[in-house]
Amino acid sequence: GDTHLKSTLVMDVVLLCVGWLVWRMSRNTCMSCCDHTDAERPSTPTTTQALNYIIFLEQTRNLFIVQTVLSAIFTVPFWGLSPIAVGWDGGTINTARSLDRTGLAVLCGDMAVRGLVALMFVEKIRRRIKRPIYRRSHREIIQRTLWLSGLPVYDREKGEPFTLTDDEFAEVAADLTTHINAAISRRTNGFVKAVDMEVKVAPVIDEQSRLRQSLNNVQEEFETYTELARVDRPGCWGGLESRYYRRQEEKARIQKVKLQAELAQLLSAKKTMSGSAFVTFQEKQYSDLFLKEKPRCYKCRRYTYFTFGKAPFTAVTLCCTRAAHPEDMNWLNLQITWWRQVSIGAVLTVALLIGMVTLTLALTFASQADVLVPALRRKLEVLAGWLSARADVLGRDEKFWYVVSKQVPALLLVVINSLVLPECISRISEAIRLHQKSSAHTFQLHVNLVFLVLNSLIIPVFGLTSIGAFVQWGEQRLTTFTTMQLVSEVAKKLMQSSGVFAVRYILSCACVSNTISLLQLAQVGYRAVCRRLARTPREMVEATQNFPFAWGYWYAWTISIFTIGMALSSFVPSVLPCSFLFFAAQHYVDRYNLTNAVFDHGPQSENVFITRALHYMRCIVAAWWIAMSVAFWVILDRGFMEDWDCVVPLKLVRSILAILVVASAWLLVWSWWDLQSILHDSNFQMVDLSDRSYWRNLLFSIFETCSGSAKKQYSKKEMKGDATDMEAFLSTPETPRVLELGGWAARPPAEPDPPPGSSPEGDEDGAEERGADPVPNYWKGTTDAELTWDACSAGLQSEPFPL
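Here the structure is a predicted model, which is why all the values come from computation and not from measurement.

Conventions we followed
Residue numbers here run from 1 along each chain, matching the order of that chain's written sequence. Local features in this predicted model are restricted to residues of pLDDT 70 or higher, and side-chain atom pairs are both shown and tallied only at a pLDDT of 80 or more, whereas totals for entire chains, interfaces and linings draw on every residue. Side-chain numbers here rest on the full set of heavy atoms in the structure, without hydrogens or water. Runs of E in the DSSP output that reach at least two residues are strands. Runs of H or I that reach at least four are helices, and both are numbered from the N terminus. Here a residue-residue contact requires only that any non-hydrogen atoms of the pair lie within 4.5 Å. Surface accessibility in these figures is a Shrake-Rupley result with a 1.4 Å probe; residues are shielded only by whichever protein chains are displayed. As used here, the term nonpolar core means buried Ala, Val, Leu, Ile, Met, Phe, Trp, Tyr and Cys residues forming a set that is joined through side-chain atoms within 4.5 Å. Think of it in three bands: residues with accessible area under 20% of the maximum for their type are buried, residues over 50% are exposed, and the middle band is partly exposed, with areas taken using a 1.4 Å probe on protein chains only. Residues enter patches when they are more than 30% accessible in relative terms and free of salt bridges; like-charged ones are connected within 9 Å and nonpolar ones (Val, Leu, Ile, Met, Phe, Trp, Tyr) within 5 Å. Criterion for a salt bridge: a side-chain nitrogen of Lys or Arg within 4 Å of a carboxyl oxygen of Asp or Glu. Strands qualify as paired when DSSP identifies two bridges or more between them. Multiply 1.5 Å by the residue count of a helix minus one, and that product is the helix's expected span. Put simply, two rings from Phe, Tyr or Trp (the six-membered ring, in Trp's case) pair if the centres are within 6.5 Å, and we call them stacked under 30 degrees between planes, edge-to-face over 60, tilted for the rest. Any Lys NZ or Arg CZ found within 6 Å of a ring centre and within 35 degrees of that ring's normal is scored as a charge over the ring. Working convention for charge: Lys and Arg count positive, Asp and Glu count negative, and His plus the chain ends are omitted. Every charge is mapped onto a representative atom, which is NZ of Lys, CZ of Arg, CG of Asp or CD of Glu. Each residue gets a pLDDT score, which is the predictor's confidence in that residue and runs from 0 to 100. Axes here mean lines fitted to C-alpha atoms, for a helix over just the part in contact, with angles spanning 0 to 180 degrees between N-to-C directions. Orientation labels follow simple angle bins: below 35 degrees gives roughly parallel, above 145 gives roughly antiparallel, 65 to 115 gives roughly perpendicular, and whatever is left gives oblique. Helix crossings are classified by the rotation of the near helix relative to the far one: an anticlockwise turn of less than a right angle makes the crossing left-handed, while a clockwise turn makes it right-handed. Residues are grouped as follows: Ala, Val, Leu, Ile, Met, Phe, Trp, Tyr, Cys and Pro are nonpolar; Asp, Glu, Lys and Arg are charged; all remaining types, including Gly, are polar. Any two cysteine sulfur atoms within 2.5 Å of one another count as a disulfide.

1. A short note on the overall build of the protein
Part 1 of the reasoning: A count of helical and extended segments in the protein gives 24 helices and ten strands.
Part 2 of the reasoning: Counted over contacts in the protein with a minimum sequence separation of 6, partners at least 24 positions apart contribute 81%.
Part 3 of the reasoning: When the accessible surface of the protein is split by element, carbon and sulfur atoms take 60% of a total near 38,800 Å².

2. Brief notes about the nonpolar core
Part 1 of the reasoning: In terms of nonpolar packing, the biggest core is built from 110 residues, with Tyr53, Phe56, Val503, Tyr555, Trp557 and Phe562 touching the most fellow members.
Part 2 of the reasoning: Ignoring any residue separated from it by four or fewer positions in sequence, one finds valine 503 in contact with Leu5, Val86, Ile93, Val572, Ser574, Val575 and Cys578.
Part 3 of the reasoning: Counting residues in each nonpolar core, the second largest holds 30 residues, with Leu148, Val199, Tyr286 and Leu289 among its members.

3. Considerations on a nonpolar patch on the surface
Part 1 of the reasoning: Nonpolar side chains collect at one region of the surface, where Val10, Val14, Val18, Trp20, Leu21, Val22, Met25, Trp88 and Tyr588 lie side by side and expose about 820 Å² of accessible area between them.
Part 2 of the reasoning: The leading source of residues in the nonpolar patch is helix H1 (residues 5-28), at seven residues.
Part 3 of the reasoning: When you line up the elements, valine 14 lands in helix H1.
Part 4 of the reasoning: By relative accessible area, valine 14 is classed as partly exposed at 46%.

4. Digging into the pairing of strand E4 (residues 271-281)
One face of the sheet, then the other: side chains in a regular strand alternate in exactly this way.
Part 1 of the reasoning: Counting buried residues along E4, ten of its eleven residues qualify, which places the element largely inside the surrounding structure.
Part 2 of the reasoning: For strand E2 (residues 163-164) and E4, the ladder comprises two bridges, and the chain directions are antiparallel. If you follow leucine 164 over to E4, its bridge partner there is lysine 271.
Part 3 of the reasoning: Sheet analysis places strand E3 (residues 197-203) next to E4, joined by seven bridges and oriented antiparallel. By the bridge assignment for E4, lysine 200 is matched with phenylalanine 278.

5. A look at helix H7 (residues 235-268)
Part 1 of the reasoning: Here H7 spans 49 Å end to end across 34 residues, near enough to the 50 Å set by a 1.5 Å rise per residue.
Part 2 of the reasoning: Those residues of H7 that fall on the buried side of the exposure criterion are Gly238, Ser242, Tyr245, Gln248, Ala252, Lys256, Leu259 and Leu263.
Part 3 of the reasoning: Elements in contact with the buried residues of H7: helix H6 (206-229).

6. A look at the packing of aromatic side chains
Part 1 of the reasoning: Tallying each qualifying case throughout the model produces 30 aromatic pairs.
Part 2 of the reasoning: Geometrically, the ring pair formed by phenylalanine 549 and tryptophan 554 is stacked, given 6.3 Å between the ring centres and 20° between the ring planes.
Part 3 of the reasoning: Centroid distance phenylalanine 582 to phenylalanine 583: 5.1 Å. Interplanar angle 85°. Geometry classified as edge-to-face. Here phenylalanine 582 and phenylalanine 583 have matching classes, each one buried.
Part 4 of the reasoning: One cation-aromatic arrangement involves lysine 256 over phenylalanine 222; the distance from NZ or CZ to the ring centre is 4.2 Å.

7. Some remarks on a negative patch on the surface
Part 1 of the reasoning: A contiguous patch of negative charge, built from Asp100, Glu642, Asp643 and Asp645, is present on the exposed surface.
Part 2 of the reasoning: Its place among the elements puts aspartate 643 in the loop between helix H20 (608-640) and helix H21 (650-682).

8. Quick word on the pairing of strand E6 (residues 316-322)
Part 1 of the reasoning: Burial runs high along E6: six of the seven residues are buried.
Part 2 of the reasoning: For strand E1 (residues 145-149) and E6, the ladder comprises four bridges, and the chain directions are antiparallel. Bridge pairing links serine 149 to cysteine 319 in E6.
Part 3 of the reasoning: Note that strand E5 (residues 304-308) and E6 share five bridges and pair antiparallel. Directly across from phenylalanine 306, in E6, lies its bridge partner leucine 318.

9. A closer look at the confidence of the model for the protein
Part 1 of the reasoning: Of all residues in the protein, 71% have pLDDT values of 70 or greater, and the mean over the chain is 76.
Part 2 of the reasoning: Within the model, pLDDT remains below 50 along residues 369-373, and this stretch shows six contacts once partners closer than five positions in the same chain are excluded.
Part 3 of the reasoning: This stretch, residues 390-397, has a pLDDT under 50; its non-local contacts, to residues over four places away or in other chains, come to eleven contacts.

10. Quick look at the pattern of salt bridges
Part 1 of the reasoning: Enumeration according to the criterion identifies 13 salt bridges in this entry.
Part 2 of the reasoning: Close ionic contact of arginine 230 with glutamate 227 constitutes a salt bridge, the shortest N to O distance being 3.7 Å.
Part 3 of the reasoning: Relative accessible area serves as the criterion here: at 63%, arginine 230 is assigned to the exposed category.
Part 4 of the reasoning: With relative accessibility at 39%, the residue glutamate 227 sits in the partly exposed group.
Part 5 of the reasoning: Salt bridges sharing partners connect three or more residues here, namely Glu423, Arg427 and Glu430.

11. Things to note about the packing of helix H2 (residues 48-79) against helix H3 (residues 101-127)
Part 1 of the reasoning: Taken N-terminus to C-terminus, the directions of H2 and H3 make an angle of 165°; their axes are 10 Å apart at the nearest point. Taken together, the axis directions place H2 and H3 in an arrangement best described as roughly antiparallel. Here the hand of the crossing between H2 and H3 comes out right-handed.
Part 2 of the reasoning: Its residues assigned to classes, the contact of H2 with H3 comprises 14 nonpolar, eight polar and three charged.

12. Observations concerning the state of the cysteines
Part 1 of the reasoning: Overall, the coordinates contain zero disulfides when judged by the stated rule.
Part 2 of the reasoning: Cysteine 509 carries a free sulfur, and the closest cysteine sulfur to it, the one in cysteine 511, is 9.7 Å from it.

Pasting the structure below:
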């Protein structure tokens, strides 16, 4: 297996280079995804979630550079260049196959040093996280808006939902206003009697939204076919075409009348309540009165209580949290209860688990079952001879086709993990119907990461060959060996697995996946077909819109490669340079796509992805330390302690392993608590990570004194941090453009920035003198609309596109 890695590396790198050349030529010939040259290409606003993701990729790329160098320092003097150089010189890439006492001590030190370096880079990423960028008015209105959930929506005894008219919804809002004023009066000891507020009670609008959207589409089709039917077309074919358009016009008219009647009937009928209401105060201090009594983090309750009425008949308790941005709300899903979401998600996830395990096991059989190889070689001998007689370019003998066939399982696994798996999980998140769009991306992050690690690491490591070897060994030696000796031998066989499949998989991810992502064949093909089939103005506009960037999947995709690179790096050091290649290519591709209008960034998510990514990275390092320490400890206790001839004392090696196990357990608990604390606080206030962990910032700033241009300075007074060179480059505003039916049109230039010290409408949180990052110019004039939490206006498509 190790001898064919050279050909795998060459083929994948050649594919990546060819894809890059094709992409460069497509840019020069205006055939890229956005159909514009660099001079005409529109620049989307670089949101903070895009900045944080690019910083994450950049620092992880640098991490694997350092990891590769450190691993080479430890392994090359003892095992040669082959383990770190992907077996380029023809040797083995596994260090455990010739593991002795000195090698075990070296791997122990290598694991400890590289784990600490990885944690330092994780902290370096955390220190560079940018806080969400909002307009000043938007940030203020979000901070003074409450999300009240848990309103009674049905009769508990009869099980019938409450149905209300528009006037009754207004009465409910007035009652809530009265009770909120009473609560404010009590909490201020009577100093404040009444405050100005706006209360919006959200009804269930999913059916109304469906009818409005269908009616708008039919209205646009009717107007389009009407215009086409009026055109005078000569000839027989022209007459048939005009007759077709008149028939489609009549069909659209009948359907429009039917939908208008259904919508009018629905609007006149009573509506059910979704259970949510949104309260916007004129001043932030009144919303703080309801959020200041937040529960402790260990209670696992991310909301406060608001109780009003008199017991026992009219007492009601609502849940209070800070409102999310209206663009982040799924207004059609507010009525979905948590138990329904959990039950649907559990059933669909279990079904996906069964399917993925079946597919991955089939690929594992194909890649590791040696019994299939002789038959495959015999089959290919005839084909290779036939091809060799006609085309020497395709292969001179069966060896060429045998080598090619060995790449197929890894490529198929990449296809499954990059196409089949994310699409299935995206469908599951849509079926669950979560209340926020960022929650759907977070769900995709968690589930994608679990399945990616399962498909690409756990199942291949415990593959057919390994399991068969374990069973055969157990049948022969179980009668003479003890249980601990059995565990020791099993651990040895696991460590001595070649790791070839993992190296091939990472190389395929680095080259094949990034080539496809760079060329954007799916978007180009989709747009070409939609533009060809577009009839109505809405279809024309939708045909030019960008695909949304799947934040949850891409974070999970990159973290899964980080997991493979760290988990196998002790015994298969070749995964480190391959992981560096992956993150270097991923950083190049995603940085271009996110800063050049290739993907839509979606609504602001307030750093919910990057904080979870950092938590996963810490947990991966801790799990790697625990697994390797336990494996080394078992090997030491079962044969390596006798005749210890290494220059490193045995007591020191055992002490390091014990310290790593204890430190890993502490790291897991602390990282989980830190994540829960951040997520808990974000339900009640906007969290700026640079304001947290001041002493930790000072501690880790010591390690960055050698790179002055890439570090952030923190002061105890402000604790904000300066932007790095890369952040300043990515935050540079460019001329935004607006989408028209005929193409992209330049937006008028933005007004100049106000002088320092002033506090204009477009400045974020006031002036720059307080250390805050100013809002880029693209927010000025592009987001002037006032935010609203009215479900009917924010969640419904009201008017059709004009013809």
